[in-house]
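# Examination of the molecular architecture
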Amino acid sequence: MEGDSLESPVAIKGIERELICPACKELFTHPLILPCQHNVCHKCVKEILFAFEDSFADGGSESSNQSSPRIKISSSSMDRIDRISRSGFGIYTGRKRNSLTPRSSLFPCPGCQRDIDLGERGINGLFRNFTLETIVERYRQAARAAIAIMCDFCKPPPQESTKSCMDCSASYCNECFKIHHPWGSPKAQHEYVGPTTNFRPKILMCPEHETERVNMYCEICRRPVCNLCKRGGCHANHRVTTMSTAYKTLKERLSKDIEYLISKESQVKAHITQLDLLLKETECNSERAKEEASQSFEKLYHVLEEKKSAALRAIETSKNLRLEKLQMQAEEYQGLLENNGLVGYAQEVLKETDPSCFVQTAKQLHVRIQKATESLKSFRPAAETTFEDFVVDIAKQEEILADLSFHSNGLEVPEINEEQSRMYNKALISWECPGKTDSADIYVLEYHKLNRDEESVAWQEVEVCSKSKVISDLDDDSSYAFRVRGYKGSICSLWSREVILRTPPAPVFSFLFDDKCGYNSEHLLLNSRRTSVESRAGFSLLLGSERMQVGCYTTLDYIIGDTGIAKGKHFWAFHVEAYSYLVKVGVISSDKIQKLFHNTHDVTSPRYEQDSGHDSGSEEAFFDSLQPFTLVTVGMKKFFIPTTPTAPKDPASRILPLPLSLGICLDCDKGKVGFYDAGRMKCLYECEVDCSGIMYPAFALMGGAAVHLEEPVTAKYEEYHDDI
């Protein structure tokens, strides 16, 4: 056995690449086998999971991984950690930070870049790769041949060890080995090897059942299992084989594969030669690409330098011309001073005593003096001192240069899916690529608020690893433009077509259908979450059919929201099924709720009652005047604008197509309620309403009808669209 550790140093050093942990980039230390068959150091697994859980607890902060200087998690791994932590999957809450064992069940493997499910036991359910550990130890010994392993039992100074006992997990010199393993004693039967620091157990125990040794191999999960795993554990229905059979089969397969690779050594060398040529070609092509890119930027520099020189020359020319004008004006005013210039000359002319000579000179001089006097009264500089006309507007050029990148015809332009995108309490933006090839590694979503007053547009940018994104903190009653582009390495696609979505006119109001106050379970059916209500006929209508001779009984079944509104401005949306016969939607005040539910059920039309004193038209007017709340009617795929003095007289002009989603905006402060096409956030009808009491959302259904409340946009929408 002493010869087990005596391997060729050259052969051992040649496999160094296989002995490096993909997480810490160092030699493996106590490697664990992941379900994906990759190996990672035990310490690295714990550190990655600690970083994983900290990113979940801290909201994905960048500081979550700074406490582990040993581990080198790639940016892509951290992106996956952030993505999983945002989704909330695979996390057991309540773990203390100083706990020795992380409790996450999802693990971002640094080897295959996939998220691996570790199962209920987490790290405790992973096997330790003793074979790999032994090979690493051989490599360490080959690398430190000059460093001896000392005896663990010698008195100081210790002697160099000559043997290591695998049963005692200790190293001995010859003398100490004889003392501690006397001939004829049980210890003399211990297994010993050459000096080593790698001690492995003689029997591999099951991590699921720690007292059971593994004696079978699960062909489905590709891992050793014990009897208990097969009988009642998670491998009960899996196909297993004996350990000896699995050992023989896998060893034969591995040997054949190794022999095949060795027989193809010439082909491998040819591929290596080809790869060497490709490396050199890549170097040359990259230098050529750098040179072409440099030339392109040099051209831009040249254009900018020319523009810069022309602009500076124009400014300099204008400056000189203005200085010349101002200088001449200053000299003219200098001449207006006493004994200087024009004034001094005029003073000398006044000394002339000969009238004819004086008149000959004074006439022209007087005209000049008058002009100087007028200019003095209305002083105006001969030239402007500001250079506002010479300001260079580079806003558009900056935007174009910001988009300057490597464009590829092979990377398809993503398209924003307007049907899957929606705007409610938050904005959900979804996009897709027309083709399936050359998909981007990452996407950049940009958006900005549309504002007519702003000349320049400031886009807000967010990087997305999936094909959907939820945007928060948008202003109410505003329009936003969205666009997206894909990136694959340093290459990017063109921007997608801009899509404009409008936010609700007020903050979104959340509520559920009330199953207590006035809820008629015989006629109405609520779902378990109380977000959908459906009307059904029931037995009451059949039992009342004996009284029916002509016509029918009309019944409106009301249901309200479980939360009231006392002040402020609020918006909520809902969807009315296309098959609905009649639905009324609106708001009701708290002081009229009892009156509503006591007086409006089973209303029989008086036109069919023998003792009724009303005709059809007067009854309808009477019924409308008694409505205890503001509402509108929808049904049969139509939206009916109520009859008002200002409404069109033509009934056809008051009937609109039913939008896919309806919205109601209640402004308690102004006493107004508006009904919206929630898809386009367009107001269809608005009226005044008495908001003196607490207001509740109200719905009424008759015949076959159904109403579904709009669900708020949350992070789960990203996960759903990612799965799609």
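Residues numbered from 1 in each chain as written. Predicted model: local features only at pLDDT ≥ 70, side-chain atom pairs only at ≥ 80, totals over all residues. Heavy atoms only, no water.

### Focus: the overall build of the protein
How we decide: Runs of H or I in DSSP of at least four residues are treated as helices and runs of E of at least two as strands, each being numbered from the N terminus. Two residues qualify as a contact provided that any one of their heavy atoms is within 4.5 Å of a heavy atom in the partner residue.
The helix and strand tally for the protein stands at 15 helices and 34 strands. Look at the contacts in the protein between residues 6 or more apart in sequence, and 63% of them connect residues 24 or more apart.

### Notes on the packing of aromatic side chains
What counts, and what does not: Ring pairs shown here join Phe, Tyr and Trp side chains whose ring centres sit within 6.5 Å, with only the six-membered ring taken for Trp; geometry is labelled stacked below 30 degrees between planes, edge-to-face above 60, and tilted in between. A 1.4 Å probe rolled over the protein chains alone gives each residue an accessible area, and that area as a share of the maximum for its type sets the label: buried under 20%, exposed over 50%, partly exposed in between. Any Lys NZ or Arg CZ found within 6 Å of a ring centre and within 35 degrees of that ring's normal is scored as a charge over the ring.
Using the criterion set out here, one finds 13 aromatic pairs in the structure. An angle of 85 degrees between the planes, with centres 5.3 Å apart, marks the rings of F574 and F699 as edge-to-face. Highlighted residues: F574 in strand β25 (residues 569–576) and F699 in strand β33 (residues 695–702), separated in sequence by 125 residues. Pair check on accessibility: F574 and F699 agree, each one buried. It is R322 that lies over the ring of F387; its NZ or CZ is 4.3 Å from the centre. Directly above the aromatic system of W495 lies the positively charged group of R483, at a separation of 4.2 Å from the ring centroid.

### Here's the deal with a nonpolar patch on the surface
This is how the line gets drawn: A patch consists of residues exposed above 30% relative accessible area that lack any salt bridge, with like charges linked at up to 9 Å and nonpolar side chains (Val, Leu, Ile, Met, Phe, Trp, Tyr) linked at up to 5 Å. To measure how exposed things are, a 1.4 Å probe is used in the Shrake-Rupley method; for residues, cover is taken only from the protein chains shown. Should a side-chain nitrogen of Lys or Arg be within 4 Å of a carboxyl oxygen of Asp or Glu, the pair is scored as a salt bridge.
Taken together, the side chains of F297, L300, Y301, L304, L401 and L404 make up a nonpolar region of the molecular surface, amounting to roughly 580 Å² of accessible area. With four residues, the top contributor of residues to the nonpolar patch is helix α8 (residues 265–334). With respect to the helices and strands, L304 occurs in helix α8.

### Observations regarding the confidence of the model for the protein
Note the following rule: The pLDDT score gives, residue by residue, the confidence of the prediction method on a 0 to 100 scale.
For the protein, per-residue confidence averages 77 on the pLDDT scale, and 78% of positions sit at 70 or higher. Here residues 717–724 is a poorly scored stretch, pLDDT under 50, and it has 18 contacts once near neighbours within four places are set aside; other chains count.

### Points about the side chain of K163
The criterion, for reference: Definition of a polar contact: a pair of N or O atoms within 3.5 Å, with one able to donate and the other able to accept a hydrogen when the atoms are protein atoms, and with sequence-neighbouring residues admitted only if both atoms are side-chain atoms.
Among the structural elements, K163 can be located in strand β6 (residues 163–165). In this structure K163 comes out as buried when scored by relative accessible area, which is 15%. A polar contact is formed between the side chain of K163 and the side chain of N174, at a distance of 3.1 Å.

### Comments concerning the nonpolar core
It is characteristic of soluble globular proteins that their nonpolar side chains tend to be buried jointly. Here is the rule we go by: Side-chain atoms within 4.5 Å are what join buried Ala, Val, Leu, Ile, Met, Phe, Trp, Tyr and Cys residues into a set we call a nonpolar core.
Counting 47 residues, the largest nonpolar core has F571, W572, F574, F639, L666, F699 and V707 as the members making the most contacts within it. Examining the composition of this core, we find that five residues originate from one element, β25, more than from any other. What F639 contacts, discounting residues up to four positions off in sequence, is V632, T633, V634, R654, I655, L656, P657, L658, L662, F675, L684 and Y685. Counting residues in each nonpolar core, the second largest holds 24 residues, with L32, L34, I116 and L126 among its members.

### Focus on the pattern of salt bridges
Considering all chains together, one arrives at 15 salt bridges under this definition. Its salt-bridge partner being R239, residue E219 comes within 2.7 Å of it at the nearest N-O pair. Taken together, the positions of E219 in the loop between β9 (216–218) and β10 (223–225) and R239 in the loop between α6 (227–232) and β11 (240–242) put the pair 20 residues apart, joining distant regions of the chain. A residue is classified by how much of its surface remains accessible, and E219, at 36% relative accessible area, is partly exposed. Ionic pairing is found between K319 and E316, a salt bridge with its closest N-O pair at 2.9 Å. Of the two residues, K319 and E316 both sit in helix α8, three residues apart, roughly one turn of that helix. When its relative accessible area of 37% is taken as the criterion, E316 is described as partly exposed.

### Side note on the state of the cysteines
Here a disulfide denotes a covalent bond joining the sulfur atom of one cysteine to the sulfur atom of another. Note the following rule: Two cysteine sulfur atoms make up a disulfide if the distance between them is within 2.5 Å.
Under the definition given, this model contains zero disulfides. In this structure C176 is a free cysteine whose sulfur lies 3.5 Å from that of C173, the closest cysteine sulfur available. Among the residues examined, C176 registers a relative accessible area of 8% and is labelled buried.

### Examining the environment of I641
Residue placement: I641 occurs in the loop between β28 (638–640) and β29 (655–657). For the pair I641 and E686, spaced 45 residues apart in sequence, the C-alpha to C-alpha distance is 9.5 Å.

### Overview of the pairing of strand β30 (residues 662–667)
Each regular strand carries side chains that alternate between the two faces of the sheet. This is how it is decided: Whether two strands pair comes down to DSSP finding at least two bridges between them.
Among the six residues in β30, six count as buried, and that is most of the element. Burial along β30 is two-sided: the residues L662, I664 and L666 and G663, C665 and D667 are all buried. In terms of strand pairing, β30 meets strand β31 (residues 672–677) through six bridges, oriented antiparallel. Note on β31: the bridge partner recorded for L662 is D677. Linking two consecutive strands that pair antiparallel, namely β30 and β31, is a turn of four residues; a positive phi of about 70 degrees is found at G671 within it.

### Quick word on unusual backbone geometry
Leaving glycine aside, a negative phi is the common case for residues, and trans is the common case for peptide bonds. Look at the link from P156 to P157: it is a cis peptide, with omega at 0 degrees. Looking at the element boundaries, P157 is found in the loop between α4 (130–143) and β6. A positive phi angle is found at Q37, which is not glycine, with a value near 75 degrees. Considering the arrangement of structural elements, one finds Q37 in the loop between β1 (31–33) and β2 (39–41). The class for Q37 is partly exposed, based on a relative accessible area of 34%.

### A word on the sheet that holds strand β22 (residues 524–526)
The following threshold applies: An axis is simply a line fitted to the C-alpha atoms; with a helix, the fit covers only the stretch in contact. Between two such axes, the angle follows the N-to-C directions and lies from 0 to 180 degrees.
If you trace the seven strands from one edge of the open sheet to the other, you get β22-β23-β34-β25-β30-β31-β32, paired in antiparallel fashion. In the strand order of this sheet, the two ends are held by β22 and β32 (682–688), each with one partner. Averaged over all pairs of adjacent strands, the angle between strand axes in this sheet comes to 20 degrees, irrespective of strand direction. Both β22 and strand β23 (residues 532–535) contribute to a ladder of three bridges, which runs antiparallel. Across the sheet, the residue bridging to L526 is V533, located in β23.

### Here's the deal with the sheet that holds β2
One open sheet accounts for three strands, arranged β2-β1-β5; its pairing is antiparallel. The open sheet is flanked by β2 and β5 (127–128), the only strands paired with a single partner. Pairing geometry for β1 and β2, over three bridges, is antiparallel. Paired with I33 across the bridge in β2 is N39.

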